[in-house]
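In case you want the letters, here they are:
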Amino acid sequence: MGSIPEPDQQSNRNIRDTKPPGITFVESTTKSNISFKSHQAIVLIVTFLAYTSYHASRKTTSIIKSALDPQTPDETEQSPSFLSNALSWVLGNGWAPFNGSNGTVLLGDIDLAFLIVYAVGMFFSGHIGDRMSLRIFLTIGMVGTGLFTSLFGVGYWANIHVFYYYLIVQMIAGLFQSTGWPSVVAVVGNWFGKSKRGLIMGVWNAHTSIGNISGSLIAAYFLKYGWGWSMVVPGLMIAVVGVVVFLFLPVDPESVGVEREGDESGPPKKGVTEPLLSSDMVHTDTEKGSAVGFFEAWKIPGVAPFAFCLFFAKLVAYTFLYWLPFYISHTAINGEYLSSTAAGNLSTLFDVGGVVGGILAGHISDRLDARAITAASFTYCAIPALYLYRSYGHLSMSINITLMLIIGMFVNGPYALITTAVSADLGTHESLKGNSKALATVTAIIDGTGSIGAAIGPVLTGYISTQSWSAVFTMLMLSAFVAGLFLTKLVLAEVMAKCNDLQRGSRDATPPSDVVEEV
């Protein structure tokens with residue numbers, strides 16, 4: 001008869017089965033176990049590289065737009081005949097079918113298709129991610145993204161001029177791209193507690209802007225060899241990083257057999273004052289640690305307002321992500337037009353400002369303990385910055401650079417805060433009673449809702465820009481305003497909480513009156 005394995009033996013076997021092979025190899029080579037802090041460092045580095053490569057591969061289409069459709073200038077600045085000649089000399093003749101009179105519309109349609117599939121896939125990705133190994137799930141998504149990003153570039157050498165080829169390839173790439181964000185946020189949330197989460201995730205979230213910057217620079221560099229290289233090289237890079245994820249990413253402390261330290265012990269399991277739902281079934285499920293359902297996750301306090309705020313915040317951010325290089329190359333700065341490469345390089349300053357904005361928003365929200373106030377303040381400040389950039393950005397290069405940095409800070413600040421620290425906070429909300437299997441679902445709901453806005457913004461820009469870029473900026477300013485409005489109730493609640501804290505503090509500081517003590 002076979003013997004039944006002891007519980008400890010079974011636990012060790014499960015750990016060996018889930019521990020990444022790269023970590024297993026390192027520990028067997030060094031004859032020692034990797035510490036909790038070292039695992040945290042590995043998680044931050046690997047997930048940072050992973051989502052940097054996601055955004056680098058996503059940014060490429062915005063760089064090649066001016067090579068695919070070089071003939072549609074901003075006609076509010078100069079005469080059409082002058083612009084046509086100047087742009088033909090700087091940008092080339094384009095690539096059919098995108099170099100026709102409806103080129104911007106076709107490019108906008110591709111962006112829309114990509115982002116709609118990305119947004120829809122996000123909801124399913126969060127649901128699946130909470131139910132399978134995030135390491136395997138992330139690896140599949142990254143390799144698939146690399147494959148279909150490269151296939152878009154293959155159209156250059158295969159001399160493909162069929163619009164639906166590029167449309168379908170981008171849609172499938174969007175589906176694989178949707179695996180990224182819920183997975184990396186869930187993994188980081190599994191390893192880091194709430195203390196200083198805003199600052200840590202603000203710094204960590206620099207991967208978004210660094211990915212955009214590196215994607216822009218790589219795509220712009222290879223553009224001179226043919227726009228196909230601008231797609232294939234980032235595609236190969238994300239596939240390679242996907243292999244690194246498979247080898248080294250520990251999903252949570254339990255999967256590698258290490259104990260949590262300090263305030264990283266996870267969400268509180270006692271003292272819960274606000275229930276998730278009145279249903280006894282959900283209470284039982286969360287106590288057991290089973291994954292939270294899609295509709296149950298929507299009812300977590302704060303998820304809906306932040307999700308709808310991100311809808312409009314991401315509409316603004318992704319309009320810049322997909323159209324800023326195109327806008328720069330088609331708008332004279334101090335009377336001169338920039339090449340596709342120069343416009344792509346200049347557009348990276350928007351993401352430099354985004355890095356600063358993400359870190360600043362995270363730090364301020366930690367110090368104030370007020371996520372909604374911080375996000376709303378940044379969103380409202382983006383409105384005058386957008387107006388100034390459209391009105392005065394073309395006057396000189398120095399003004400353009402300064403205003404672009406400011407816009408990047410105020411646009412990407414709340415976007416970064418909501419998609420990282422806020423999502424992680426809500427995914428480990430006290431109403432979940434210590435259940436950590438809601439992180440990917442909550443992250444997917446918030447970012448998936450935001451991604452619907454991200455899909456709408458670029459396609460609206462594709463249509464509106466054919467009439468006027470000023471109208472595009474008006475749309476962006478209105479979107480930023482509405483984004484802030486969705487946080488109004490949460491802002492008021494945070495303000496009231498601060499006032500109550502001040503009142504309690506003043507009462508505690510008041511010296512007691514003379515009272516005769518009874519013996």
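Residues numbered from 1 in each chain as written. Predicted model: local features only at pLDDT ≥ 70, side-chain atom pairs only at ≥ 80, totals over all residues. Heavy atoms only, no water.

Trainee: How should the overall build of the protein be read in this particular structure?
Mentor: A count of helices and strands for the protein gives 21 helices and zero strands. Taken over 519 residues, the protein has a buried fraction of 55%. Pairs at least 24 residues apart make up 83% of the contacts formed inside the protein by residues separated by at least 6 positions. Per element, the accessible surface of the protein, about 21,900 Å² overall, is 65% carbon and sulfur. (Helix = DSSP H or I, 4+ residues; strand = E, 2+ residues; numbered from the N terminus. Buried < 20%, exposed > 50% of the residue type's maximum accessible area, 1.4 Å probe, protein only. Contact = heavy atoms within 4.5 Å. Areas by Shrake-Rupley, 256 points an atom, 1.4 Å probe, with all protein chains shown as cover.)

Trainee: I tried to follow the packing of aromatic side chains on my own but got confused; where do I start?
Mentor: To describe a pair of aromatic rings, you give the distance between the ring centres and the angle between the ring planes. According to the stated counting rule, one finds 38 aromatic pairs in the structure shown. Between phenylalanine 152 and tryptophan 227, the ring centres sit 6.1 Å apart and the planes meet at 70°, which makes this aromatic pair edge-to-face. One end of the pair, phenylalanine 152, is in helix 6 (residues 134-157); the other, tryptophan 227, is in helix 11 (residues 227-248), with 75 residues separating them in the sequence. Judged by relative accessible area, which is 2%, phenylalanine 152 ranks as buried. Among the aromatic side chains, those forming a connected cluster through ring pairs are Trp95, Phe98, Phe152, Tyr156, Trp157, Phe163, Tyr164, Tyr165, Tyr166, Trp227 and Trp229. Cation over ring: lysine 65 sits above tryptophan 323, and NZ or CZ is 3.8 Å from the ring centre. It is arginine 135 that lies over the ring of phenylalanine 246; its NZ or CZ is 5.0 Å from the centre. (Phe/Tyr/Trp six-rings, centres within 6.5 Å; stacked < 30°, edge-to-face > 60°. Lys NZ or Arg CZ within 6 Å of the ring centre and 35° of its normal.)

Trainee: Before we go on, may I ask you to explain the side chain of threonine 461 in this structure?
Mentor: Tracing the chain through its elements places threonine 461 in helix 19 (residues 439-464). When sequence neighbours within four positions are dropped, the list of residues in contact with threonine 461 reads Thr319, Trp323, Trp469, Val472 and Met475.

Trainee: Just checking my understanding: could you explain the nonpolar core for this structure?
Mentor: For soluble globular proteins, the rule of thumb is that nonpolar side chains tend to be buried together. Of all hydrophobic cores here, the largest spans 87 residues; its most connected members are Phe98, Trp227, Phe320, Ile328 and Tyr389. Top element by residues in this core is helix 15 (residues 303-329). It accounts for 18 residues. Ignoring anything within four residues of it in the chain, the contact list for phenylalanine 98 reads Leu68, Asp69, Gly103, Leu106, Leu107, Ile110, Phe163 and Tyr166. Grouped together as the second largest cluster of nonpolar side chains are 31 residues, Ala50, Tyr54, Tyr118 and Ala424 included. (Core = buried A, V, L, I, M, F, W, Y, C linked by side-chain atoms within 4.5 Å.)

Trainee: Got a minute to help me understand the packing of helix 15 against helix 16 (residues 340-368) in this structure?
Mentor: The relative placement of two packed helices comes down to the angle between their axes together with the axis-to-axis distance. Remark: helix 15 packs on helix 16, axes separated minimally by 9 Å, with the N-to-C direction vectors making an angle of 130°. In terms of their interaxial angle, helix 15 and helix 16 are classed as oblique. Classified by chirality, the crossing of helix 16 by helix 15 is right-handed. Contacts from Phe320, Leu324, Pro325, Ile328 and Ser329 in helix 15 reach Ala343, Gly344, Leu346, Ser347 and Phe350 in helix 16. Tallied by class, the residues present in the contact of helix 15 with helix 16 amount to seven nonpolar, three polar and no charged. (Axes fitted to C-alpha atoms, helices over the stretch in contact; angles between N-to-C directions. Parallel < 35°, antiparallel > 145°, perpendicular 65-115°, else oblique. Left-handed = near helix turned anticlockwise from the far one by under 90°. Nonpolar A, V, L, I, M, F, W, Y, C, P; charged D, E, K, R; others polar.)

Trainee: Could you clarify how one ought to interpret helix 5 (residues 103-129) in this entry?
Mentor: Given 3.6 residues to a turn, an α-helix orients residues that are three or four positions apart in the same direction. Under the 1.5 Å per step criterion, the end-to-end length of helix 5 is 37 Å for 27 residues, consistent within 8% with the ideal 39 Å. The buried fraction of helix 5 amounts to 20 of the 27 residues, a majority that puts the element mostly inside the structure. (Expected span 1.5 Å × (residues − 1).)

Trainee: Sorry if this is basic, but what is going on with the pattern of salt bridges here?
Mentor: When their charged atoms lie close together, side chains carrying opposite charge are able to pair. Summed over the entire model, instances satisfying the criterion amount to four salt bridges. Note that lysine 19 is salt-bridged to glutamate 27, the shortest N-O span being 2.9 Å. Given the relative accessible area of 9%, glutamate 27 is considered buried. For lysine 314, the salt bridge is made with aspartate 447, and the minimal N-O distance between the two is 2.6 Å. In this pair, lysine 314 is assigned in helix 15 and aspartate 447 in helix 19, connecting sequence segments 133 residues apart. Residue aspartate 447 is classed as buried on the basis of its relative accessible area, which comes to 2%. (Salt bridge = Lys/Arg side-chain N within 4 Å of Asp/Glu carboxyl O.)

Trainee: Looking at this structure, how should I read helix 2 (residues 21-30)?
Mentor: Within helix 2, burial applies to Gly22, Ile23 and Glu27. Around the axis of helix 2, the buried residues are gathered within 130° of arc, so they sit on the same side. Just past helix 2, the residue lysine 31 takes up positive phi, approximately 60°. (Arc of directions from axis to C-beta.)

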